Amino acid sequence: MKMTGGQIICDCLVKEGVDTIYGILGGAILPLYDTLPQFPQLHHILVRHEQCAAHAAEGYARATGKVGVCFATSGPGATNLVTGIANAYLDSTAMVAITGQVARRFIGKDAFQEIDITGITLPITKHNYLVRDGAQLAKVMKEAFYIARTGRPGPVLIDVPKDVFTEQVEYHSPGKVDLPNFKPTMKGHPAQIQKAAKMINEARKPVIIAGRGVIISNASPELKELAEKSQIPVVTTLLGISSFPESHVLSYRWIGMHGMGYANMAVNNADLVIAIGMRFDDRATAEVSGFASHAKIIHIDIDPAEIGKNVPVDVPIVGDVKAVLGPLNKLVEAAQRGEWLKQLDDWRREHPSTDIRETSSILPQYVINQIYHNTNGDATIVTGVGQQQMWAAQHYTYNHPNTFISSGGLGTMGFGLPAAVGVKMGRPEGTVWLIDGDGSFQMTLHELATIQQEKLNIKIAIMNNGFLGMVRQWQELFHGKRYVATPLWGPDFVKLAEAYGIAAVKVRRKDEVIPAIQQAMSYDGPFLIDFGVEPEENVYPMVPPGASLSQFLEMPRKEEALWPQRSTL
Amino acid sequence: MAATKHTLVALVEDRPGVLNRVASLFRRRGFNIQSITVGHSETAGISRMTIVADGTNTSVEQVRKQLDKLVETIKVSDITAEDRVERELALIKVKSTSATRGEIIQIVDVFRANIVDVALDSLTVEVTGDENKMNSLLNLLQAFGIKEVCRTGKIAMTRGIVNPGESSRKQTASEE
Ligand SMILES: Cc1ncc(C[n+]2csc(CCOP(=O)(O)OP(=O)(O)O)c2C)c(N)n1
């Protein structure tokens, strides 16, 4: 059957199970948009900046486990995607980005809006294509989706010249993908699994560190089985949050620069670390030379290049987390580790890490904790980047898999609002809260228009501290309190929201916090709350740069009394 | 750990952009490529690259694994520790006069190199060999004045097995 390039792309999208696309059109990609009406299964969401098309596609992918799809035109449209693609690359999110390119006869001529986007995205994609022949399109589409989702997920970019969209070619739905050199290892090596089981059975003080790989692999049940069967305490990385229920007795929450003090201590005192679907990022390990120095390390990851990259390991197992944990669990013996667990509980009592001071002003920690209580812990939380991101991770308790969605590897301010768009599209029935900073929010606030246009019921909580808070904290602690370029003027967020037709309230008194959250919850539609929070509040615990995980700073004790009970458990 | 010179061999699909991807990976991980050669392999559609780069053993292993992940790479091996044959080709244009020509030709003969061009004031020498041979010849010719040098960069191949018993020694514990 003869079809145009544009029709082939759309047909392939439908066959890949795509239903939602985020993008902005322009000259080079116009012919593809022109064919969209012939495929009513494809819902296109018009964003206000291409960076947000990629972030929204990522939010959607992370919420649904499907491949996120975004479109952009050539030149500036394509370059605007770059930050979003890089974010997906570092956080291992499956994505296919399709960009228009100038027509073939103009390529290499510096034509209007011509940019070498395959060259630019080379180091931030798993793979990319410039399709110079319409007859290749179907094969390229099939491969792109396969590569994006198979093994360690990641973004793939397909650059399509304008005249390829309109080229009439014979279309055969492609059969199986034939990529002989792209064969990620899924099953773990049995001998390695046996070695790991033996080590676990012999360990006295083991700790599991669970990463986002557990979530990607849908392996929370297997993780729970392993932990329970062998009574192993579980900590997570920042992106591993929610892979293991935080209210579980074996959960010691999460490690890292702003992780729980007791979790960090657990890792640094363990005799065995079982690292599952994580990559020893420096924000998680702190100074590597002091990381888990008493422990043997088992590292389970699907990406062989992660093995031994940052931390030398004793037993590497390359494979999909679920496929490895299944057989591993069979070999692991039931164990009692009362003494070790009691030690951890003692550390938790001595270093509670998430106490909230009693204050008259509004503490962001308090607001987030109230959002937790008022959503019964059932919401999906999306965050910006900065202090509010860390507080959202600390003061909400995550008990359902994949309910914390945040920019980890790239730490992209402005990720929150567009990512929330994608998350809500993926979970229309679920409650979605964005916890954002006034700085991060101002980077992509134009997506309020998208939210309004699509009538997306997203609740937005801005922790408005009038600062680029996280950087201010560093200036306070490490740069003699010289607040260079961190004080931040902001608009009246309530008026701003109203200008977009979105309901909003301003909260400046502590007794208004809970009613505002409840008002947002009961309101049928998007709702924004501007919380004026304590401007110079710092995030603790904090492992200062260069220190090892267990050398964390704790909140300096101020005059104010501590709350009677720990806030989040 | 000290950086040492590593020789990697990569078999890659012969497609546009592949060289770029490979070179970009080395740059991205902070490696200096001393030489990189690309040409056809024994299989149609598959190119063979020989890459010489400085790095520590662990960092080279990291690049090797990253290279291995490229969709278009078939196999990448670090053959630094292997028994191997290495060759490089160089063209050297050396100054010559009627007085020095004879001496240069003698040196070239000793090195089993060839004179491929003769001009009034220069000779062009073609030499093949391993790195030592290249460097020794260049050193000797330096005395006459070198006008131009063009080196291809190294190509390398592990040796075939002579004694079957030998081979098992080399097998790496490549569980993973
Ligand atoms: C795009 C981008 N630019 C700069 C930074 C550096 N940075 C990290 S946190 C931060 C401050 C964030 O401020 P805000 O969003 O108001 O959140 P807060 O820390 O106050 O909660 C900055 C500037 C970044 N992470 N991303």
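Owing to the predicted nature of the structure, the values given are computational and were not obtained by experimental measurement.

S.K.: I'd love a proper account of the site of the ligand, names of residues and values included.
M.R.: Residues and elements named next belong to chain A. Taken together, 17 residues are adjacent to the ligand, and Gln387, Gly411, Gly439, Ser440 and Met470 come closest. One of the backbone nitrogen or oxygen atoms of glycine 439 is found 2.8 Å away from an oxygen atom of the ligand. One nitrogen or oxygen atom from the main chain of glycine 469 is found 2.9 Å from an oxygen atom belonging to the ligand. For the ligand, whose accessible area on its own is 590 Å², the fraction buried by protein is 75%. Elements represented by at least two residues in the shell around the ligand include exactly helix H16 (387–395), helix H18 (438–444) and helix H20 (469–478). By residue class, the composition of the shell around the ligand is seven nonpolar, nine polar and one charged.

S.K.: Outline the interface of chain B and chain A, supporting the account with residue identities and numerical values.
M.R.: Facing 16 residues of chain B, the contacting portion of chain A comprises 22 residues. Here chain B packs against chain A, burying approximately 1700 Å² in sum over the two surfaces, 50% of which is carbon and sulfur. Applying the counting criterion to the chain B and chain A interface returns one salt bridge. In this structure, Asp303(A) engages Lys69(B) in a salt bridge whose closest nitrogen and oxygen atoms are separated by 2.5 Å. Taken together, the residues of the side of chain B that touches chain A break down into two nonpolar, five polar and nine charged.

S.K.: Can you explain the domain arrangement of chain A? Please cite residues and give values.
M.R.: All names here are of chain A. As assigned here, chain A comprises domain 1 (2–170), domain 2 (190–350) and domain 3 (364–539). The centre of domain 1, based on its C-alpha atoms, is set 30 Å off from the matching centre of domain 3. If you look at the interface, domain 1 gives 24 residues, while domain 3 gives 26 residues. In this assembly, domain 1 and domain 3 are joined by zero salt bridges. The interface formed by domain 1 and domain 3 holds 11 residue pairs in polar contact (both at pLDDT 80 or more) in total. Mapped by element, the contributors of at least two residues to the side of domain 1 that touches domain 3 are strand S2 (20–23), strand S3 (43–46), helix H3 (50–64) and helix H4 (76–90). Per element, the largest residue contribution to the side of domain 1 that touches domain 3 is 10 residues, and it comes from H3. Classifying every residue of the side of domain 1 that touches domain 3 by side-chain character gives 10 nonpolar, 10 polar and four charged.

Criteria and thresholds
- Residues numbered from 1 in each chain as written.
- Chains lettered and ligands numbered in written order.
- Predicted model: local features only at pLDDT ≥ 70, side-chain atom pairs only at ≥ 80, totals over all residues.
- Heavy atoms only, no water.
- Near = heavy atom within 4 Å.
- Polar contact = N/O pair within 3.5 Å; in protein donor to acceptor, adjacent residues only side chain to side chain.
- Areas by Shrake-Rupley, 256 points an atom, 1.4 Å probe, with all protein chains shown as cover.
- Helix = DSSP H or I, 4+ residues; strand = E, 2+ residues; numbered from the N terminus.
- Nonpolar A, V, L, I, M, F, W, Y, C, P; charged D, E, K, R; others polar.
- Contact = heavy atoms within 4.5 Å.
- Buried area = accessible area lost by both parts, 1.4 Å probe.
- Salt bridge = Lys/Arg side-chain N within 4 Å of Asp/Glu carboxyl O.
- Domains from an automatic or database assignment.

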